[in-house]
Structure formats: structure tokens, C-alpha cells
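These are the residues of each chain, in order.
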Amino acid sequence: FSNTYGRSDYDSGNSVQQTEDGGYIVVGNTKSYGFGNWDVWLIKTDSEGQEEWNQTFGEEGGNEQGYSIQQTNDGGYIITGRSSYYESGILLIKADSQGQEEWIQTLDTAYTSEAYSIQQTKDGGYVLTGTRIGNGYRDADVLLIKTDSQGIEQWSKTFGGGSDYDWGHSGQQVEDGGFIISGTTRSYGVFFNNAWLIKTDSQGIEQWNKTFGISDTEYGNSVQQTSDGGYILTGPHSSDGTGNRDVWLIKTDSQGNKEWNQTFDESDSDCGKSVQQTSDGGYIITGKKHSSANDPTDNDVLLIKTDLQGNKEWSRTFGDSNGEIGNSVQQTSDGGYIITGFKQYYDGFSGSDLLLIKTDPEGRQ
């Protein structure tokens, strides 16, 4: 199926997960519901993508956005993002199994901070990965925050402090209890933007970091530990001097040393937004395919499946005369894939809808 959710304004999906009952939980942003500015939007569907309920989180006059979600051990949900009302800073929301608020915490409120990734940790707490901005855009560092089960901060660490900005995009706890972070650095590596991979111990103390790039623009948008203890990383790659971008897939060993990398040139400008290792040992990537740099309606959701070595097995695109982007992908229990993102309208209606796409194991709807 391919379903849209929304109404008369701007709505989008940023993160999706299959739930214990076989349905799906999606977090994103809405201007159609809630208080009229941006609010966090939580949608629960059944296995066929039919909405069961939705909840918004925000305050009148505020600007709240939800970037990442995970179902928690108690059957509820943990959400992170940003807020400009509940004190400016990182927003952390715990909801029950019906999406009803249990508690809300704001973190890092002394700064302009955002968290793009959330995961429940082995001790029942949570780890958040994002960015802290200090005095201006170029004063930005990768941010890692660990909380207890009630969202109370236990510690926070920043990584960067160089001459330019450093951005954290994705993170998770790994097998040894430490954490892996992917992001972008302009302070280290080769000139301009490079993908950045940081490994810490269980207390957030850096053990090593690696940069990946040549000379132009590479981002580390999504990272996951692989079954062999290494890491898989995706983002855009555009080091040919033309300004065009390709989907980039990098595999490292457990110490962050590159084992191989693959690029996928599907159109003039492509980007990998989310990656996951699949049950057969390969990888699934979603993002966008942009055939014309001057025409936003040429954006389509891109889905690429590779083997264990990153060789493309197939690719699919999803879209119509509007503009579609995929932000998050996960393999489902039936071997297929669930994708969320948004559909931007350009046919007289100024707005967007949250997009949810379910495919079979071959990437077909």
C-alpha cells in the first residue's frame, strides 16, 4: 500500500517502526492538526496502513517537531525532536500504548539543540543523538545525551569544537554497551563536509572517530551496527565537482576502518537518508531521487536493496507528478519494507502529506 495522512497544511513523516501487533507507528510534524504551528504528530496504523489513532504534542504559539520514535519495552513509545515552547531545546516525550502522554522532558535548554535519533538503552533509559548550536550556525557540535527511564539527564557529551560546524544525525547503543554516532563535520577531515563516525564507551567517552570524504559534500545521515560488529553508514556523496549527488553506502569494521564503499547514481541528485541491515545480511536504503535540480516535482522516494558487499540487487522509486521523499525505512516481519516520508503538492495545493509506503520483499507495493 501507499497511504497519505494529513489535511490542509504541511504534514510529514520522519521515523517509522513496525509495532509488536504488526501495525506501524510513525512520528513526524503537522501544521494541519494541533495548534496551527508545527506540532509533533504521532500516528498508529494497523498492518494495512489504516489509521487506528493519532496524537499531537505541542502548545499554542510553540514550534515542536518530532524526528525519531521507538516502541519501548512496556509497549509505549519514546519520541524525540525539538521544541521552542517547552523551553527551547530538545523535546523528549514518553507516551503509552495509545499515544497518551506519560511525561515530557526538555533537555539542553541553555542552547539551541535538536535530537534526531532516540533509542531505549539496555538499562531502560534512553540515548539521544543530535546537535547543539552555540553562538551561531558555525558554532555547532555533535551532541549525545543519556537519560534514565524517566527522561532525566544522566550525562551529556559534545564532539567537535573545531573551526567550523559539526552535526550529529544518527546514533544507537552497540553490543559492548557503548554508542555509535554518525554525522557531518566541517572541522575535521578533508575540505568542506565529510561524513563523521564516532564511537564512545558506555559513559559517552570517545574511543575513536573516523571521517569519510574526498573534497566536496558527504554526510553521515544514518548508521547501524552490523551483524559482524562493524557499521553501515549512508548519506549523499558528491565529490566529482559537478554538484550532483549520489547515494553513498560505507561499510566499516568494528574500529571504523572502511572495508568498502558503494555509490548509486540513480539520477542527477540522489540522497540516502536511512539504512538498515536486512535479514539476508544485505542492506536496505531509502532517500530521494531527484531527476531535475530545477524542478522539485521530480523528487521521488528511492528504495535500494544491496547484497552483503553493497552491490545493488534492485532499486525502486515511488512518486507521481508531485514531490516525494523517503526519510526512514525498516524491514518488516514478512520480509518486506515500510517507509515514511512526505508528499509535497505542486498542483495548486500548497502543502504536504505524511507518506507511508509498504512493499513486499522485492520492493513492490
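Below you will find a few notes about this structure. (Residues numbered from 1 in each chain as written. Predicted model: local features only at pLDDT ≥ 70, side-chain atom pairs only at ≥ 80, totals over all residues. Heavy atoms only, no water.)

## Brief notes about the sheet that holds strand β7 (residues 77-83)
Next up, step 1: The antiparallel open sheet is built from four strands, whose spatial order is β6-β7-β8-β9. Edge positions in the sheet fall to β6 (65-71) and β9 (101-107), since each has one partner strand and no second. Each strand of the sheet is rotated relative to its neighbour by a mean of 20 degrees, with strand direction disregarded.
Next up, step 2: Pairing of strand β8 (residues 89-95) with β9, which is carried by six bridges, proceeds in the antiparallel orientation. Note that in β9 the partner of A95 across the bridge is E101. (Pairing = 2+ DSSP bridges. Helix = DSSP H or I, 4+ residues; strand = E, 2+ residues; numbered from the N terminus. Axes fitted to C-alpha atoms, helices over the stretch in contact; angles between N-to-C directions.)

## Quick notes on the layout of surface pockets
Next up, step 1: Approximately 1300 Å³ is the volume attributed to the largest pocket.
Next up, step 2: Around the largest pocket sit 45 residues that line it, and Y116, S170, S222, S274 and N327 are the ones nearest its centre.
Next up, step 3: In terms of residue count, the dominant contributor to the lining of the largest pocket is strand β2 (residues 11-18) (six residues).
Next up, step 4: In terms of residue class, the lining of the largest pocket is made up of 15 nonpolar, 28 polar and two charged. (1 Å grid on protein atoms, 1.4 Å probe; cavity = no way out; pocket = protein on both sides within 12 Å on 5 of 7 lines; lining within 4 Å. Points joined across faces, edges and corners; volume = space filled by probe spheres on them. Nonpolar A, V, L, I, M, F, W, Y, C, P; charged D, E, K, R; others polar.)

## Describing the sheet that holds strand β17 (residues 206-212)
Next up, step 1: Strand order in the open sheet formed by four strands is β14-β15-β16-β17, with antiparallel pairing between adjacent strands. Of all strands in the sheet, those bounded by a partner on one side alone are β14 (166-173) and β17. Between one strand and the next, the sheet's axes are offset by a mean angle of 20 degrees, whatever the strand orientation.
Next up, step 2: Inspection of the sheet shows β14 paired to strand β15 (residues 179-185) by seven bridges, in the antiparallel sense. For G171, the partnering residue across the bridge sits in β15 and is I181.

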